[in-house]
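Examination of the molecular architecture
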Amino acid sequence: MDLSSINPVLLVASIMVSATPILLAAIGEMVVEKSGVLNLGVEGMMITGAVVGFAIAVNTGAPGWGFLAAACASAALSLSFGVLTQFLLSNQVATGLGLTLVGLGLSSLIGKPYEGMKSPTLPKLDLGPLSDIPVLGRMLFSHDIMVYFALALVAGVWAFLKFTRAGLILRATGESHDSAHALGYKVVRIRLAAIAFGGACAGLGGAYLSLVRVPQWTEGMTAGAGWIALAIVVFASWRPWRVAVGAYLFGGVTVLQLNLQAAGANVPVALLSASPYIITILVLVVISARGHHGAPASLGRPFHATT
Amino acid sequence: MHRRTLLASAALALTLGQAAAAQDVTAGFIYVGPVGDGGWTYEHDQGRLAVEEHFGDQVKTIYQESVPEGADAERAITQMALSGADIIFTTSFGYMDPTIAVAEKFPDVKFEHATGYKRADNVSIYSARFYEGRAIQGHIAGSMTETNKIGYIASFPIPEVIRGINSAYLHAKKVNPDVEFSIVWAYTWFDPSKEADAARALIENGADVILQHTDSTAPQAAAQEAGDVITFGQASDMYDYAPLPRVSSIIDDWAPYYIERVQAVIDGTWESTDTWDGIGPGMVGIGEITDAVPEDVKAEALAMKEAIASGEYHPFTGPINKADGSVWLEEGEVADDGTLLGMDFYVEGIDAEIPN
């Protein structure tokens, strides 16, 4: 087995790129679930973001506008889920699955004229001296801005939930919406804000796929990335840093196994591909054996103000 | 009230009558990816559209896209049979057992399974000799590579894919004895991000030619981004990526076959058959070879295409040894279809193992 053709520097660099879309989607979904709402429509929101981001980037020639439009479009789509589940009290699981189907259909409709087109892609950020550091520079400091934005977002969400009053209120809403309501907090409004945030993040993740990682528009191109994002939230037991670890693990294993194969290593491919899922199951077993699974207590339960 | 019922039922009878008269036959299609994948499923859907165009109102077509292979496929095929399809085309290898299972339950419905090997009284099989196109790709790839490393994105370890790898390898080796193949198994037919990652991994490991046996155009985009890498369109022309990185392609043309089979259902002459056509009958097409390919290589490739089409040359002509060193074909011997259909070994020189 000769692994010398794998360049660890390039490997780490590709892992960072391949983890970014699921990281963005997962951190958004984590906030949504922290507020007590289970939105299973991540896949639909991601692919809507992918197509809208691509279309706007092609038309304006500026990927930045693409990302912005993707975030807005997916947030708008997620608010339709918000209205249905928060005001009309529809079942969150069914509505979320419906959102996925709507997103897939809508995206292929919007995307028809854009098949086979090329988009302007994000330039690599020039971090000056940092990028010139041997090894580390190429590994960590020569990516496009979204890679760092995703990591900054994780830090931001972590700080928001841990240190701010608003973060405390959001968590309270997720743990016990009745108590939060009794204290005078607007449960529905808080949840709608969280849902919109989650939608925007999923949209950014989708746009990252179509504008940077692939980069092109193909129907159905998310191919299950949204579901992986959902799994990562559970894997992370609803903690921001673990979401980042989970996303890099999932992204890392995919890229690593492809690289091992390309280098001619004789690896059990099927086992490697399944390993993130196996780890997720193990983590679930461990946390449930410890008796505390970390899920917000009101997750997925409908809220109706009684007074 | 009576009058209203009467009117309603009259209207109903009228529409039903029209429907029955206008559409004699319903043809159903089960796709493994979305119709907009730009590759495999796209070409099958072009075939479906050709059926609609050819028969007009006489034939109604229905399809379901992105149907996973395996157990869920059985549900989708059953659903289609229940909704009144007279003939159902299941267009991926993994639908083989589900197709046979559903066909048993619906003896009056005709089934056509692509790229498999199991038949029944109401199940035909059809496929194209993609390996003929792979031979031409291998020739161009072997002639043009500078790093002598050719990357191959494979989907699942099934005979069809292994045949393609062997055919491309033999012909690359013939023009360039130093050539090496790196094979990556993606275990998916359609996942653009994974396909792009696979292409990038191969390029980072030194490959300057990428052959793909997956369905999306993502590897083309990844190769274009990397620069100095050539690719080939798979299943569809993928001409959006010409003249570079895409220098040629294998195009599947299912339309004539689909029209012929639907016609047979209309005429009541449909029988279970086994069709395996290649470049000669036109089921496999070779997309335009771009100017990025040197003139002499292009001429050789076209000559090989002619020879294969006329039956003068078979891509698997001995002497060929298996990877374990044993003799497969003697000098001048030509592979028989049975061995090709069940191919589960690499030819000598490919330094890898087939995952099981």
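Residues numbered from 1 in each chain as written. Chains lettered and ligands numbered in written order. Predicted model: local features only at pLDDT ≥ 70, side-chain atom pairs only at ≥ 80, totals over all residues. Heavy atoms only, no water.

**What about the domain arrangement of chain B?**
Residue and element names in this part refer to chain B. The domain architecture assigned to chain B consists of domain 1 (3-129 + 254-277) and domain 2 (130-252 + 284-341). Here domain 1 and domain 2 have C-alpha centroids that lie 31 Å from each other. At the junction of the two partners, domain 1 supplies 18 residues and domain 2 supplies 24 residues. The junction of domain 1 with domain 2 conceals about 1800 Å² of combined surface from both sides, 61% of it contributed by carbon and sulfur atoms. Among the residues domain 1 hides against domain 2, the three largest losses belong to Trp40, Arg129 and Trp276. Together they make up 38% of the total. Counting across the interface, domain 1 meets domain 2 through 1 salt bridge. Arg129 is the partner of Asp337 in a salt bridge, and the nearest nitrogen-oxygen pair spans 2.8 Å. For the interface between domain 1 and domain 2, the tally reads 6 residue pairs in polar contact (both at pLDDT 80 or more). For the side of domain 1 that touches domain 2, the secondary-structure elements that each account for two or more residues are helix 2 (40-55), strand 5 (123-128) and strand 11 (274-277). Class assignment of the residues belonging to the side of domain 1 that touches domain 2 gives a composition of 8 nonpolar, 5 polar and 5 charged. (Domains from an automatic or database assignment. Contact = heavy atoms within 4.5 Å. Buried area = accessible area lost by both parts, 1.4 Å probe. Salt bridge = Lys/Arg side-chain N within 4 Å of Asp/Glu carboxyl O. Polar contact = N/O pair within 3.5 Å; in protein donor to acceptor, adjacent residues only side chain to side chain. Helix = DSSP H or I, 4+ residues; strand = E, 2+ residues; numbered from the N terminus. Nonpolar A, V, L, I, M, F, W, Y, C, P; charged D, E, K, R; others polar.)

**Some details on the side chain of Thr222 of chain A**
Residues and elements named next belong to chain A. On the secondary structure map, Thr222 appears in the loop between helix 10 (187-213) and helix 11 (225-235). Polar contacts involving the side chain of Thr222 include one to the side chain of Glu43, which spans 2.9 Å. Leaving out residues up to four positions away in the same chain, Thr222 has contacts with Glu43, Met46, Ile47 and Leu209.

**Describing the packing of helix 7 (residues 145-163) of chain A against helix 10 of chain A**
All names here are of chain A. Running from amino to carboxyl end, helix 7 crosses helix 10 at an angle of 160 degrees, the nearest separation of the two axes being 11 Å. Overall, the two elements helix 7 and helix 10 adopt an arrangement that is roughly antiparallel. Here the hand of the crossing between helix 7 and helix 10 comes out left-handed. Facing helix 7, whose interface residues are Met146, Val147, Phe149, Leu153 and Val157, helix 10 presents Phe197, Cys201, Leu204 and Tyr208. Among the residues forming the contact of helix 7 with helix 10, the class breakdown is 9 nonpolar, no polar and no charged. (Axes fitted to C-alpha atoms, helices over the stretch in contact; angles between N-to-C directions. Parallel < 35°, antiparallel > 145°, perpendicular 65-115°, else oblique. Left-handed = near helix turned anticlockwise from the far one by under 90°.)

**A short note on the sheet that holds strand 2 (residues 59-64) of chain B**
Residue and element names in this part refer to chain B. Ordered in space as 2-1-3-4-5-11, the 6 strands form an open sheet in which the pairing is parallel. Of all the strands in the sheet, just strand 2 and strand 11 have a single pairing partner and so form its edges. On average, adjacent strands in this sheet sit at an angle of 15 degrees to one another, irrespective of strand direction. Note that strand 4 (residues 110-114) and strand 5 share 4 bridges and pair parallel. Looking at strand 5, one finds that Phe111 is bridged to Val123. Its contacts with the sheet place helix 2 against strand 1 (25-30), strand 2 and strand 5, and it is angled at close to 165 degrees to strand 2. (Pairing = 2+ DSSP bridges.)

**Notes on the pattern of salt bridges**
Applying the stated rule across the entire model yields 12 salt bridges over all chains. Put simply, Asp45 of chain B and Arg48 of chain B hold a salt bridge, and the shortest N to O gap is 2.7 Å. Of the two residues, Asp45 of chain B and Arg48 of chain B both sit in helix 2, 3 residues apart, roughly one turn of that helix. The residues Asp45 of chain B and Arg48 of chain B share a single accessibility class, namely buried. A salt bridge links Glu52 of chain B to Arg48 of chain B; the shortest N-O distance between them is 3.9 Å. Highlighted residues: Glu52 of chain B and Arg48 of chain B, both in helix 2, separated by 4 residues, approximately one helical turn. When its relative accessible area of 8% is taken as the criterion, Arg48 of chain B is described as buried. Bridged by salt links that share partners, the residues Arg213 of chain A together with Asp197, Arg200 and Glu225 of chain B form one connected network. (Buried < 20%, exposed > 50% of the residue type's maximum accessible area, 1.4 Å probe, protein only.)

**Some points on the confidence of the model for chain B**
Residue and element names in this part refer to chain B. Averaged over every residue, the pLDDT of chain B is 89; the share at 70 or more is 94%. Model confidence for chain B, summarised as mean pLDDT per element, is weakest for helix 1 (residues 2-22) at 43 and strongest for strand 3 (residues 87-90) at 96. A low-confidence stretch, residues 3-22 (pLDDT under 50), is modelled with 2 contacts involving residues beyond four sequence positions or located in other chains. Scored as a whole, the predicted complex attains pTM 0.83, and scored at its interfaces, ipTM 0.82. (pLDDT = per-residue confidence, 0-100.)

**A closer look at the UniProt feature "domain: ABC transporter substrate-binding protein PnrA-like" (unreviewed entry) in chain B**
Residues given the UniProt feature "domain: ABC transporter substrate-binding protein PnrA-like" (unreviewed entry) here are residues 26-311 of chain B. For residues 26-311 of chain B, the helix share is 42%, the strand share is 21%, and the end-to-end C-alpha distance is 36 Å. (UniProt positions renumbered as here; feature names shortened; annotations may be inferred.)

**A word on the packing of aromatic side chains**
All names here are of chain B. With the rule as written, the count across this model stands at 25 aromatic pairs over all chains. Here Phe156 and Trp189 contribute two aromatic rings whose centre-to-centre distance is 5.7 Å and whose plane-to-plane angle is 55 degrees, an arrangement assigned as tilted. Of this pair, Phe156 sits in the loop between strand 6 (149-154) and helix 6 (159-175) while Trp189 sits in the loop between strand 7 (180-185) and helix 7 (192-204), and the two are 33 residues apart along the sequence. For Trp189, a relative accessible area of 9% translates into the label buried. Note on Phe316 and Trp328: the rings are 5.7 Å apart at their centroids and 65 degrees apart in plane angle, and the pair reads as edge-to-face. With Phe316 in the loop between helix 10 (295-310) and strand 13 (320-321) and Trp328 in strand 14 (residues 327-329), this pair connects stretches of sequence that are 12 residues apart. Each member of the pair, Phe316 as well as Trp328, carries the same accessibility label: buried. Here the basic side chain of Lys322 rests over the ring of Phe345, its NZ or CZ set 4.5 Å away from the ring centre. (Phe/Tyr/Trp six-rings, centres within 6.5 Å; stacked < 30°, edge-to-face > 60°. Lys NZ or Arg CZ within 6 Å of the ring centre and 35° of its normal.)

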